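Each chain is listed here by its residues.
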Amino acid sequence: MKVSVRIWDTSLEGDYGDIPALEGECDRCGHTVEVYGDSESSELALCAKMREECPNGENNFYVPDR
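In this text, all values refer to a predicted model and were calculated from it rather than measured experimentally.

About the criteria used
- Residues numbered from 1 in each chain as written.
- Predicted model: local features only at pLDDT ≥ 70, side-chain atom pairs only at ≥ 80, totals over all residues.
- Heavy atoms only, no water.
- Pairing = 2+ DSSP bridges.
- Helix = DSSP H or I, 4+ residues; strand = E, 2+ residues; numbered from the N terminus.
- Disulfide = S-S within 2.5 Å.
- Buried < 20%, exposed > 50% of the residue type's maximum accessible area, 1.4 Å probe, protein only.

### A short note on the pairing of strand S2 (residues 17-26)
Now for step 1: Strand direction decides the pairing type here: strand S1 (residues 2-14) and S2, joined by ten bridges, are antiparallel. Across the sheet, the residue bridging to Arg-6 is Glu-25, located in S2.
Now for step 2: A loop of two residues connects S1 with S2, the two strands running antiparallel in sequence.
Now for step 3: Summarising the sheet, S2 and strand S3 (residues 32-36) pair through five bridges and their orientation is antiparallel. Residue pairing for S3: Ala-21 is matched across the bridge by Tyr-36.
Now for step 4: Counted along the chain from S2 to the antiparallel partner S3, the turn is five residues long, and its residue Gly-30 has a positive phi close to 90 degrees.

### Considering the pairing of S1
Now for step 1: Bridge count between S1 and strand S4 (residues 61-65): five bridges; the pairing is parallel. Across the sheet, Arg-6 pairs through a bridge with Asp-65, a residue of S4.

### So, the state of the cysteines
Now for step 1: Inspection of every chain in the model, using the stated rule, returns zero disulfides.
Now for step 2: Cys-26 provides the cysteine sulfur closest to Cys-29, a residue in no disulfide bond, and the two sulfurs are 4.0 Å apart.
Now for step 3: Classification of Cys-29 by relative accessible area gives partly exposed; the value is 37%.
Now for step 4: Not engaged in a disulfide, the cysteine Cys-54 finds its nearest cysteine sulfur in Cys-29; these two sulfurs lie 5.4 Å apart.
Now for step 5: Cys-54 gets classed as buried once you look at its relative accessible area, which sits at 11%.

Function cannot be read off these values alone, since they describe shape.
Written out as structure tokens, the structure is:
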């Protein structure tokens, strides 16, 4: 199933201060994940992480919705 992920910019604390990051929320269940970076590849990494961490054990295809 194809599921949209709402993505927004944020920052995460690193060893030397705040680091640009992305946070995303599954449109289907509301589960959220965070990844370091704010590039297109970070968006794809966030979608992959969302698939791995699905709390319902679903094997969805997640796509960024910005």
